[in-house]
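What follows is each chain in one-letter form.
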Amino acid sequence: MVVSAGLGGLMAAPRVTVDLDVVERNARAVVRACGRSGVGVFGVTKGTCGMPQVARAMLRGGVIGIGESRFENIRRLRAAGIDAKVLLLRSPPPRLADETVQLADISLNSELATIEELSRVAERRSRVHEVILMVDLGDLREGIWPDDLMPVVERILKLPGVRLAGLGTNLTCFGAVLPSEENMGRLAGYAERVRGEFGVPLEYVSGGNSSSLPFLLEGRMPPGVNNLRLGETILQGGRDTFFDEPWEELDRGAFLLGGDLVEVKLKPSVPIGETGVDAFGGRPRFEDRGERLRGILNIGREDVDASVLLPVEPGLEILGASSDHLIIDVTDVRPRPVVGGTLHFEMGYGALLAAMTSEYVRKVPMFDQPPPRAETIALRPDPALRPGTTEVKTAERLAELGFAVDPDGLPVRFTGRPTATLPAELTATADALGAVWLTGRAELLPALLELRPRLAPENLAVVGLREASALVKQTPLPVHTIVDVDARGMREVMRRALDAATAGTRGYVVLCDADVYTSGAGLSHRETHQAMEAVAARPGLLGIEFTGVDPAGLPLAADLLMSALGRTIL
């Protein structure tokens, strides 16, 4: 259970918007290009801390699995229902063999002692864990030395519980060694030798990371290499891979950092007074350019690596950064920036890693276009409630709001039963659905968790909870209890809940259990109306379901529906 979604409403946080359509298109482009050379792709999500929405976008783009380096991120992916093959990129220490076997399908390894421990754990758990044996081709990071390859392979093949699935290598990350016909040819040759001497059908011959993609596109990759592990090219469109000339099939605009101006003033361009070292031990130098219009953004070194930020607004110049602030020159920015305005930056890979890792930066995954606002409503009351919907003139009130009643419209269900059916119905067509669930006890959680990965727990926001079961406590849900409503107010709670429900989803459904506002210990009627008014203001609504409604309670449920669809007093 995540008791609070977001960082709080006292101060706006820097934010990274993630365009999932761009991620998907980039994934599709690299998968298509690699496929022409017989190379499969693991999509690497570590740059986004295992964001499930990004993983789903990569999988839609055709990657064969997800590569991750940290167990926390893999747990996040698994909790969201991502059941694709997961490759652990960072070689695990022996003491984490159990977690490796439980969470990852495959792992990169270079130490026989670790593989032996993986074997012991996997056998105890009656599993078979796949291993890609890393070979050091000169970059001097991880990898077995080639002279030791065959004896180690022989020992691995005798171990129960593990399967040698392939050979791999890593280049450019430490020694900056580039892929070449020589070193990639050696990797392919080692794989052929293992196959020939031991009769092992190696599934993967993994030729590195995004730095190997330009080499492949030049047609220089030896045919024996059949796999790459690609993150930067998919996430950032190859900004740090294609230095000299961008690859036109990739879009570099998937991630955008935004910060708010907290000060805009005309100031001298050189500090006044005796100078020494700054807070980080450096001695900054300044050019006297006279008075300049300077701005301060709420982005600092705790949030991002400012040295690899790329301003989006023409004329914006980065002067430096402290732990909490980014100091900029906005003299040439048009129109003139004002306090409270937002300025944007694209990011190099180092900045992206820092921003996505920082808990102080809000992450907002989204698609290019939100779903359009519904123009018609499909009313679906239970048979026992149909007379009541007519009596309270539901159709006429909808018409006053501009909605026609149509069986193919936005579904609205009133039911006396406690079970909700709309989420299952909507996930049949939406590959990523969010939900805002107003409930006091969250008794339907087991059924909703069965809808993963299309309805991921982190997109299922609970509002008004009074009692938390063990399942609620152990599931990573954004939960807002009745105490949170009292402390923060319904508007702030619903802002957070709707942020969670719309984060990287195709839209969201609202579930409202009558018990949440009729028990006497839960939400007041006004608070429930406030929740529905927040829904009316947030695009992306795909359906509303009121559960536990009896005939006597139908008029109030109908009133709540009207608030959710935009009814106002004036």
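What counts as what
Residues numbered from 1 in each chain as written. Predicted model: local features only at pLDDT ≥ 70, side-chain atom pairs only at ≥ 80, totals over all residues. Heavy atoms only, no water. Helix = DSSP H or I, 4+ residues; strand = E, 2+ residues; numbered from the N terminus. Buried < 20%, exposed > 50% of the residue type's maximum accessible area, 1.4 Å probe, protein only. Polar contact = N/O pair within 3.5 Å; in protein donor to acceptor, adjacent residues only side chain to side chain. Contact = heavy atoms within 4.5 Å. Pairing = 2+ DSSP bridges. Axes fitted to C-alpha atoms, helices over the stretch in contact; angles between N-to-C directions. Left-handed = near helix turned anticlockwise from the far one by under 90°. Nonpolar A, V, L, I, M, F, W, Y, C, P; charged D, E, K, R; others polar.

Engineer: I keep staring at the side chain of asparagine 209 and nothing clicks. Help me out?
Structural biologist: Looking at the secondary structure, you find asparagine 209 in the loop between strand 8 (204–206) and helix 8 (213–217). Among the residues examined, asparagine 209 registers a relative accessible area of 15% and is labelled buried. Within the local environment of asparagine 209, its side chain forms a polar contact with the backbone oxygen of leucine 171, the two atoms lying 3.4 Å apart. Polar contacts involving the side chain of asparagine 209 include one to the side chain of serine 211, which spans 2.6 Å. If we ignore the near neighbours within four places in the chain, the residues touching asparagine 209 are Asn170, Leu171, Thr172, Cys173, Leu228, Arg229 and Leu230.

Engineer: Got a minute to help me understand the sheet that holds strand 19 (residues 410–414) in this structure?
Structural biologist: Through backbone hydrogen bonds, the strands of a sheet pair up, either in parallel or in antiparallel fashion. Taken in spatial order, the 8 strands line up as 18-17-19-24-23-20-21-22 in an open sheet, and their pairing is parallel. Either end of the sheet is taken by a strand with one partner, and the two such strands are strand 18 (404–405) and strand 22 (479–481). Sitting on the sheet, helix 19 (residues 525–537) is in contact with strand 20 (434–438), strand 23 (508–513) and strand 24 (541–547), with an inclination near 170° to strand 23.

Engineer: Just checking my understanding: could you explain the packing of helix 1 (residues 20–35) against helix 2 (residues 52–60) for this structure?
Structural biologist: The relative placement of two packed helices is expressed as an angle between their axes plus a distance between the axes. Between helix 1 and helix 2, whose axes approach to 7 Å, the crossing angle comes to 40°. Considering how the two elements wind past one another, helix 1 and helix 2 form a crossing that is right-handed. Within the contact between the two elements, helix 1 uses Leu20, Val23, Glu24, Ala27 and Arg28 and helix 2 uses Gln53, Val54, Ala57, Met58 and Arg60. Considering only residue class, the contact of helix 1 with helix 2 consists of 6 nonpolar, 1 polar and 3 charged.

By themselves, these figures tell us nothing about what the structure is for.
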